Amino acid sequence: MDLPRLIVLDLDGTLLPESKQISSRSLRVLSQLQEAGAQVTLATGKFLHLSRIYAEQLQIQAPLVALDGARISQRGQLSERGIERRIAIEALEEI
């Protein structure tokens with residue numbers, strides 16, 4: 001079976017159930033996919049600081065996209081770019 005080269009997951013309602021905890025089964029399967037050569041990452045409506053927690057649990061080394069920014073790769077180094085949390089919250093409250 002050919003594995004996908006990239007797997008991009010949403011968090012709420014996709015990878016995370018109501019408990020907001022990644023299941024041990026999901027952790028195991030995603031780890032096996034990464035070991036087999038697939039890149040796993042996140043694209044989510046969660047804030048970057050919350051997304052980072054899940055990315056660390058999944059041992060994600062790829063760029064990720066979040067509500068208020070992204071973790072990007074520049075010259076082989078991951079860095080975070082985003083708007084200040086306070087500004088993001090003010091913008092969302094206006095909507």
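Parameters and conventions
Residues numbered from 1 in each chain as written. Predicted model: local features only at pLDDT ≥ 70, side-chain atom pairs only at ≥ 80, totals over all residues. Heavy atoms only, no water. Patch = residues over 30% accessible without salt bridge, like charges linked within 9 Å, V, L, I, M, F, W, Y side chains within 5 Å. Areas by Shrake-Rupley, 256 points an atom, 1.4 Å probe, with all protein chains shown as cover. Salt bridge = Lys/Arg side-chain N within 4 Å of Asp/Glu carboxyl O. Helix = DSSP H or I, 4+ residues; strand = E, 2+ residues; numbered from the N terminus. Buried < 20%, exposed > 50% of the residue type's maximum accessible area, 1.4 Å probe, protein only. Contact = heavy atoms within 4.5 Å. Pairing = 2+ DSSP bridges. Axes fitted to C-alpha atoms, helices over the stretch in contact; angles between N-to-C directions.

Notes on a nonpolar patch on the surface
Where nonpolar side chains cluster on the molecular surface, the patch consists of Leu67, Leu92 and Ile95 and spans about 330 Å² of accessible area. Tracing the sequence through the fold places Leu92 in helix H3 (residues 85-94).

With respect to the pattern of salt bridges
In the structure shown here, the tally under the stated rule is three salt bridges. Residues Asp12 and Lys20 are paired through a salt bridge, measuring 3.1 Å at the closest nitrogen-oxygen approach. Between Asp12 and Lys46 there is a salt bridge, with the nearest N and O atoms lying 3.4 Å from each other. On the criterion of sequence distance, the pair formed by Asp12 in the loop between strand E1 (6-9) and helix H1 (24-35) and Lys46 in the loop between strand E2 (39-42) and helix H2 (48-57) is long-range, its members being 34 residues apart. When its relative accessible area of 34% is taken as the criterion, Asp12 is described as partly exposed. Overall, the relative accessible area of 13% leaves Lys46 in the buried class. A single salt-bridge network, built from bridges that share partners, covers Asp12, Lys20 and Lys46.

Describing the environment of Leu11
As for its position among the elements, Leu11 is in the loop between E1 and H1. For the pair formed by Leu11 and Gly82, sequence separation is 71 residues and the distance between their alpha carbons is 19 Å. Discounting residues that sit within four places of it in the chain, Leu11 has contacts with Leu16, Leu42, Thr44, Lys46, Ser51 and Tyr54.

As for the sheet that holds strand E5 (residues 77-82)
Spatially, the three strands line up as an open sheet ordered E3-E4-E5, and their pairing is antiparallel. Each having just a single partner strand, strand E3 (64-66) and E5 make up the two edges of the open sheet. Adjacent strand axes in the sheet meet at a mean angle of 25° when their direction is disregarded. Relative to E5, strand E4 (residues 69-74) runs antiparallel, the two being bridged by six bridges. The partner of Arg71 across the bridge, within E5, is Glu80. The strands that H2 touches are E3, E4 and E5; relative to E3, the one it contacts most, it runs at about 145°.

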